[in-house]
Amino acid sequence: MANQLDEMNSEIMKEGREIHVIPKQIAVTATSGEKILPYIVILVGILLIAYGIYSKDYIVGAIGLVIGIYPWLAMGKISAHFNAMEQRIQTAASEIDNYMEQRVIILENLAKLVEKSINTDEKILTDIAKYRSGNFTDETRNEADRKMNIATKNINIALENYPELKSQDTIQDAIQQNSYLQREITAARTLYNDAVNTWNREIFEFPLKKIVAAKEGRTTRIPFIANEEIKQKSKEVFF
């Protein structure tokens, strides 16, 4: 079979294309046929056990026993696997939250160091203070990251008008710590999104994982989304 996509001769979209994350959770559903599939396997196992006992063919009976209990054992193991994956996702999210909470503190301290010399946006800094507890959710985590990036941008713009402030060790140290935490958050987001990607793929794997996920009401998870400020900044000229 020839390649369905031809990168040499097909039309190329020269203008490019903006990519955005769709923040929607998709529930896993299974058809009636898929739902009864494990029970059909169990029934086959029971019939083989009955036949083995009736004909005194214990090998057939043993095979029936293995076939009969396999779906039950496998589905229990899959359920435990999903629970463990949830914990890995929570751990990854917690790591992001820890770094973000540290960044909140750093930005608050940085703002206090320069507030007497520059005009900071008090509303943004007030909003940032709300996130100091670090109790983020899937919704507030992105919003907190967005507000901290706005605050960082505003402080950096203001500092450009007061270059002498950058020479102060405390301010320079706070700027470096903020930059370091930004990189750590990016790395933690990658781990989180990897875990979410694995989750979103596995809950739809046919047959047993999909059946278990549907039975337990599992849904896809939304990856960490880059905010608009970051997307715009990535298009700027740096050099």
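The preceding data block contains the structure.
Thresholds, definitions, all that
Residues numbered from 1 in each chain as written. Predicted model: local features only at pLDDT ≥ 70, side-chain atom pairs only at ≥ 80, totals over all residues. Heavy atoms only, no water. Helix = DSSP H or I, 4+ residues; strand = E, 2+ residues; numbered from the N terminus. Buried < 20%, exposed > 50% of the residue type's maximum accessible area, 1.4 Å probe, protein only. Contact = heavy atoms within 4.5 Å. Areas by Shrake-Rupley, 256 points an atom, 1.4 Å probe, with all protein chains shown as cover. Phe/Tyr/Trp six-rings, centres within 6.5 Å; stacked < 30°, edge-to-face > 60°. Lys NZ or Arg CZ within 6 Å of the ring centre and 35° of its normal. Salt bridge = Lys/Arg side-chain N within 4 Å of Asp/Glu carboxyl O. Patch = residues over 30% accessible without salt bridge, like charges linked within 9 Å, V, L, I, M, F, W, Y side chains within 5 Å. Polar contact = N/O pair within 3.5 Å; in protein donor to acceptor, adjacent residues only side chain to side chain. Core = buried A, V, L, I, M, F, W, Y, C linked by side-chain atoms within 4.5 Å.

Q: I'm lost on the overall build of the protein chain in this one. Help?
A: Helices and strands together make up the secondary structure of the protein chain, namely seven helices and zero strands. The buried share of the protein chain, reckoned over its 239 residues, is 34%. Once local pairs closer than 6 in sequence are excluded, the contacts in the protein chain between residues at least 24 apart make up 78%. Surface exposure of the protein chain reaches about 15900 Å², of which carbon and sulfur atoms provide 57%.

Q: Would you mind going over helix 6 (residues 208-215) with me for this structure?
A: Owing to its 3.6 residues per turn, the α-helix brings residues three or four apart onto one side. Most of helix 6 sits inside the fold, with seven of its eight residues counted as buried. Along helix 6, the positions that sit buried rather than exposed are Leu208, Lys209, Lys210, Ile211, Val212, Ala213 and Ala214. Remark: Gly217 follows helix 6 within two positions and exhibits a positive phi of approximately 70°.

Q: Sorry if this is basic, but what is going on with the packing of aromatic side chains here?
A: Aromatic rings considered in pairs are described by the distance between their centres and by the relative angle of their planes. In this structure the tally under the stated criterion is one aromatic pair. Across from the ring centre of Trp199, 5.1 Å away, lies the NZ or CZ of Arg221, which sits over that ring.

Q: Mind showing me how you'd approach the environment of Leu43 here?
A: Note on placement: Leu43 falls in helix 1 (residues 32-55). What makes Leu43 partly exposed here is its relative accessible area of 48%. Considered as a pair, Leu43 and Gly68 are 25 residues apart in the sequence and their alpha carbons are 6.9 Å apart.

Q: Hey, could you run me through the pattern of salt bridges in this one?
A: As a working rule, side chains carrying opposite charge can pair if their charged atoms are close by. Evaluated as defined, the whole model comprises six salt bridges. Put simply, Lys209 and Glu205 hold a salt bridge, and the shortest N to O gap is 3.4 Å.

Q: Could you clarify how one ought to interpret a nonpolar patch on the surface in this entry?
A: On the surface, a nonpolar cluster with roughly 380 Å² of combined accessible area is contributed by Ile36, Tyr39, Ile40 and Val44. Structurally, Val44 can be placed in helix 1.

Q: Looking at this model, I keep getting lost on the environment of Lys209. Mind explaining?
A: In this structure, Lys209 sits in helix 6. Here Glu205 takes part through its side chain, which lies 3.4 Å from a polar atom of the side chain of Lys209.

Q: Whenever I open this one, the nonpolar core confuses me. Can you help?
A: As a rule of thumb, nonpolar side chains are buried together in soluble globular proteins. Among the nonpolar cores identified, the biggest contains 38 residues, and Phe82, Met100 and Tyr192 are the most heavily contacted of them. If you tally residues by element for this core, the top one is helix 2 (residues 58-114), at 16 residues. Beyond its immediate sequence surroundings of up to four residues, Met100 is in contact with Phe136, Arg141, Ala144, Asp145, Met148, Ile185 and Phe224.

Q: Sorry, what's going on with unusual backbone geometry here?
A: Note: most peptide bonds trans; most residues except glycine with negative phi. The step from Phe206 to Pro207 runs through a cis peptide bond, and the omega angle for that step is 5°. Backbone geometry at Lys56 places phi at a positive 60°, although glycine is not the residue there. Within the fold, Lys56 resides in the loop between helix 1 and helix 2. For Lys56, a relative accessible area of 62% gives the class exposed.

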